[in-house]
Amino acid sequence: MAYSDGTAGAGGTAQAAPDYSPAVWPEPVALLPPLPPRPLDPLGTVLIPPAERRPSTREPAVGPSSAAPLPFLPPSPPAPAPLPAPPVPRLDSDRPRTLRLALPGGGEARRRRLLDRVRAPLRSHHRIAVLGGPAEGAAALLGALLAEHRAHPVLVLTTAGPAGSECRTGGRVLRSVRPDPAALREALGEADGHYPVILADTTGAPAEVRRAAVEHADRLLLCAPASATGARTADALLDHLAALGHHGLARGAVAAFTPAPPTDRPVADRDLLPHFRARCRAALTLPAAPAALRARARLDYLELAALIGDGMAEHR
């Protein structure tokens, strides 16, 4: 027996090993020279030389070249100051009571008492004749207060302005009629079933128109300036009403005095009011009507409305 390497095994003779070499060997391949070592950065990363770097595929940024000088740019404006934080609203329970402004002349308690008198119950219609000298806006403002605090509309008839015109503000209706006794009587008759409270403003109207208003009135409101002329005119008007037989209307009238004009001598309240309070039901002074939106003036007109309400409570 012989092994593959040609040695003789036990009990046999040696034989030559077969030759498996190819008849033709391929050409030898030349090896490339080894690449030089590449430099490393401090982190150990291989740095690629610029010559061997691949060109970037990104598009160049639009703008001036870094080598070109930059154009002049204005200095940037300063940053705006931060806006202050809005104040935190305070609850009513946190607000000090001293911030509430008390109403003059008696405060809120007086106002409530006046409103109770203004809202006096009324069983039938109530007509109020407004007489005396011109008192611009007094009757209209009184009608607005009565309509505001009572549960029904109030009609104010006036002889000023174009006849037939009408203005509605809340529950108050301001209607103009001709300065004629027949026109006033007709307007009063038409309004009876629609307006429980009617004010007939005849200040500055002819005597026959004032007489027609008195004939249909349940209460009188006498207006005059707080001056020497106004006091004499109001006295003469009360005397004239008594002479015509209207003693009850004259005695139950309310006298309201507005500021004296600059062309007349004013009369002080201490001399004016006691005299007329002895002649009629009540007397008071009022501010000019355009100033009636102020708190003090509004309270004065509310007192006038309370006096009218007292007359409604007595009227049956």
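Refer to the structure above for everything that follows.
These notes cover the structure that comes with them. Predicted model, so just to flag it, every value in this text is computed and none were measured. (Residues numbered from 1 in each chain as written. Predicted model: local features only at pLDDT ≥ 70, side-chain atom pairs only at ≥ 80, totals over all residues. Heavy atoms only, no water.)

### Quick notes on the overall build of the protein
Scanning the protein from terminus to terminus reveals eight helices and eight strands. With 316 residues in all, the protein has 36% of them scored as buried. For the protein, the proportion of contacts with a sequence separation of at least 24, taken over those separated by at least 6, is 69%. Working note: accessible area of the protein is about 20900 Å², and carbon and sulfur atoms make up 60% of it. (Helix = DSSP H or I, 4+ residues; strand = E, 2+ residues; numbered from the N terminus. Buried < 20%, exposed > 50% of the residue type's maximum accessible area, 1.4 Å probe, protein only. Contact = heavy atoms within 4.5 Å. Areas by Shrake-Rupley, 256 points an atom, 1.4 Å probe, with all protein chains shown as cover.)

### Describing the packing of helix H3 (residues 181-191) against helix H4 (residues 207-215)
Packing of H3 against H4 leaves a shortest axis separation of 8 Å and a crossing angle of 25°. Regarding the angle of H3 to H4, the classification is roughly parallel. The chirality of how H3 crosses H4 is right-handed. The residues of H4 that touch H3, namely those facing Pro181, Leu184 and Arg185, are Glu208, Val209, Ala212, Ala213 and Glu215. (Axes fitted to C-alpha atoms, helices over the stretch in contact; angles between N-to-C directions. Parallel < 35°, antiparallel > 145°, perpendicular 65-115°, else oblique. Left-handed = near helix turned anticlockwise from the far one by under 90°.)

### A few points about H3
Along H3, the residues that are buried comprise Pro181, Ala183, Leu184, Ala187, Leu188 and Ala191. Each buried residue of H3 lies within a common arc of 165° when the element is viewed along its axis, so the set occupies one face. Buried residues belonging to H3 abut strand S1 (126-132), strand S2 (154-158), strand S5 (197-201) and H4. Its side-chain oxygen at 3.0 Å from the backbone nitrogen of Ala182, Asp180 defines the N-terminal cap of H3. (Arc of directions from axis to C-beta. Polar contact = N/O pair within 3.5 Å; in protein donor to acceptor, adjacent residues only side chain to side chain.)

### A few points about the packing of helix H5 (residues 228-243) against helix H7 (residues 269-277)
It is the contact of H5 with H7, at a shortest axis distance of 12 Å, that shows an interaxial angle of 5°. One way to sum up the angle between H5 and H7 is to call them roughly parallel. Seen from H5, the contacting residues are Ala231, Ala234, Asp235 and Leu238; seen from H7, they are Leu272, His275 and Phe276. Residues that form the contact of H5 with H7 fall into these classes: five nonpolar, one polar and one charged. (Nonpolar A, V, L, I, M, F, W, Y, C, P; charged D, E, K, R; others polar.)

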